[in-house]
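These are the residues of each chain, in order.
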Amino acid sequence: MFRPLALFIGLRYTRAERKNGFISFISLISMIGLTLGVAVLITVLSVMNGFDREIKNRILGMIPQASVMSYEIIPDWQELSTKITENDKNVKATAPFIQLQGMLAANGQVSGVMVSGIEPSLEKDVSIVDDYITQGSLDNLKAGEFGIVLGESMTQAMGVGLGDKVTLVLPEASPSAAGVIPRFKRFTVVGTFSISKEVDGLMGFVAMRDAGVMLRLPEGAQGIRMLMNDIFKAPQAANQAASLDSDRLFANDWTTTHGNLFDAIKMEKSIIGLLLFLIVIVAAFNIVSSLIMLVTDKKSDIAILKTFGASPKLIMQVFIVQGMIIGVIGTVLGTILGVTLALTVNDIVVYISQLFGVSLMTSGAYPVDFLPSYIKVSDVVIIVVASFLLSFAMTIYPALRAARIQPAQTLRYE
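Bear in mind the structure is a predicted one, so any value in this text is a computation, not a measurement.

Each value, and the rule that gives it
Residues numbered from 1 in each chain as written. Predicted model: local features only at pLDDT ≥ 70, side-chain atom pairs only at ≥ 80, totals over all residues. Heavy atoms only, no water. Core = buried A, V, L, I, M, F, W, Y, C linked by side-chain atoms within 4.5 Å. Buried < 20%, exposed > 50% of the residue type's maximum accessible area, 1.4 Å probe, protein only. Contact = heavy atoms within 4.5 Å. Helix = DSSP H or I, 4+ residues; strand = E, 2+ residues; numbered from the N terminus. Expected span 1.5 Å × (residues − 1). Bend = angle between axes of the 7 residues up to and from the residue. Patch = residues over 30% accessible without salt bridge, like charges linked within 9 Å, V, L, I, M, F, W, Y side chains within 5 Å. Areas by Shrake-Rupley, 256 points an atom, 1.4 Å probe, with all protein chains shown as cover. Salt bridge = Lys/Arg side-chain N within 4 Å of Asp/Glu carboxyl O. Pairing = 2+ DSSP bridges. Phe/Tyr/Trp six-rings, centres within 6.5 Å; stacked < 30°, edge-to-face > 60°. Lys NZ or Arg CZ within 6 Å of the ring centre and 35° of its normal.

Topic: the nonpolar core
Here's step 1: In terms of nonpolar packing, the biggest core is built from 47 residues, with Ile84, Leu104, Ile148, Val166, Leu168, Phe187 and Met226 touching the most fellow members.
Here's step 2: In this structure Val166 touches Leu104, Ala105, Ala106, Ile148, Val160, Lys185, Arg186, Phe187 and Val189, once residues within four positions along its chain are discounted.
Here's step 3: With 32 residues, the next largest nonpolar core counts Val288, Val295, Leu314 and Ala402 among its residues.

Set out below in structure tokens:
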């Protein structure tokens, strides 16, 4: 006798040719549906994880993750930076900055810009901009030479390139009758970067001392920017740094400037994941219909098994095995297909674009011009476990129905 008996009979039923081909067809459809549902869920969530990662890397790599600023200039910013890193081990690196807002003008084109005055050698430790330099270098920003590094979108829109001149215009409040008098300064483009269209068309970098001269400030920095080991601890780090000189410093972090963006991405991922999981649920419901038809088809076999002494528990186990075979095969195939698609989705999009001559990822609405994908093992595990549990749950009612079959009533008409 084979043990366990339920597994042996269930596998025999699975391999056996059925008199009713429609039952086999429904079982196949259930398996295919489960496979596609799991595959689509893994692929879409991986793409959303990829977008989430790219946005975090590109946006949080450019803006201060945490910072302390002062309404007055900070002349001893080196000492303050040292205290911040020594007091908080979650702070990976620091860099000083001065922030400017104004307009750039060149070749008759005018554009708003947010300019950061930086120390190039320190900025490389806290920002990703140096990794995305396409021409020139951050090291070309030297005090007194009034060089500027701009995004490629900005330089293309204004028709300027490396070595060309642009005019930075800053509004200056004045008590005179003229009101706001703009302040002008010519800068030379000494570098370009390409991160995303939004960042490229908005930000620029100059030497910190040149920014101070533009604002007529003494030597020093307006604030200290921090790079975090854990970005979710940025608020605590900023507040702790500000407490070092609470009379002069105030805290700022990414959750106040861009927190809503990442909350929206997280909510969108949850909603889309829930909607796509409905595909898996629909496919799992097909297991119920296929098993009910199988129970009806195998009534006489069940009655004979009960006559030979098979318990209701054994009959239940046989049909649970039947349903779980569909669930396991569908889930495993779906996982393999989903992971494969997630790893190759960008290549597939590129191939489709070339095949039909259309560009699917060139909209300015996207932070990147490719389809990013990042497979989270935790997401895959949750999907697989949920699919297994759902498949098991769908077998319970048909198995109970099979266990309740009465041998005498069934065999009376055989």
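Next comes the rest of the write-up.
A look at helix α13 (residues 377-403)
Counting along an α-helix, one turn takes 3.6 residues, and residues three or four places apart therefore face a common direction.
Here's step 1: Under the 1.5 Å per step criterion, the end-to-end length of α13 is 39 Å for 27 residues, consistent within 8% with the ideal 39 Å.
Here's step 2: A bend of about 30 degrees at Ile396 is the largest found in α13, and the proline Pro398 appears one to four places after it.

Things to note about a nonpolar patch on the surface
Here's step 1: The grouping of Phe25, Leu28, Ile29, Ile32, Leu36 and Leu337 at the surface amounts to a nonpolar patch, some 500 Å² of accessible area in total.
Here's step 2: The element contributing the most residues to the nonpolar patch is helix α2 (residues 21-59), with 5 residues.
Here's step 3: Among the secondary structure elements, Ile29 is positioned in helix α2.

A few points about the pairing of strand β2 (residues 91-106)
Along any regular strand, the residues point their side chains to alternate faces of the sheet.
Here's step 1: Both β2 and strand β9 (residues 221-228) contribute to a ladder of 6 bridges, which runs antiparallel. Its bridge partner lying in β9, Pro96 is registered against Ile224.
Here's step 2: As paired elements, β2 and strand β3 (residues 109-118) share 10 bridges and run antiparallel to each other. Looking at β3, one finds that Ile98 is bridged to Gly117.
Here's step 3: Once β2 ends, the chain turns through 2 residues before running back antiparallel as β3, passing Asn107 with a positive phi of about 55 degrees.

Focus on the environment of Ala283
Here's step 1: Tracing the backbone through its elements, the reader meets Ala283 in helix α10 (residues 259-297).
Here's step 2: Separated by 253 residues in sequence, Ala283 and Ser30 have C-alpha atoms that sit 5.3 Å apart.
Here's step 3: What Ala283 contacts, discounting residues up to four positions off in sequence, is Ser30, Gly33 and Leu34.

Focus on the packing of aromatic side chains
Here's step 1: Counting across every chain of the model gives 4 aromatic pairs.
Here's step 2: Summarising the aromatic geometry, the rings of Phe193 and Phe205 are spaced 5.8 Å apart at their centres and angled 65 degrees between planes, so their arrangement reads as edge-to-face. Here Phe205 lies in strand β8 (residues 203-207) and Phe193 lies in strand β7 (residues 180-193), a separation of 12 residues in the sequence. For the pair shown, Phe193 and Phe205 are each scored as buried.
Here's step 3: It is Lys185 that lies over the ring of Phe146; its NZ or CZ is 4.2 Å from the centre.

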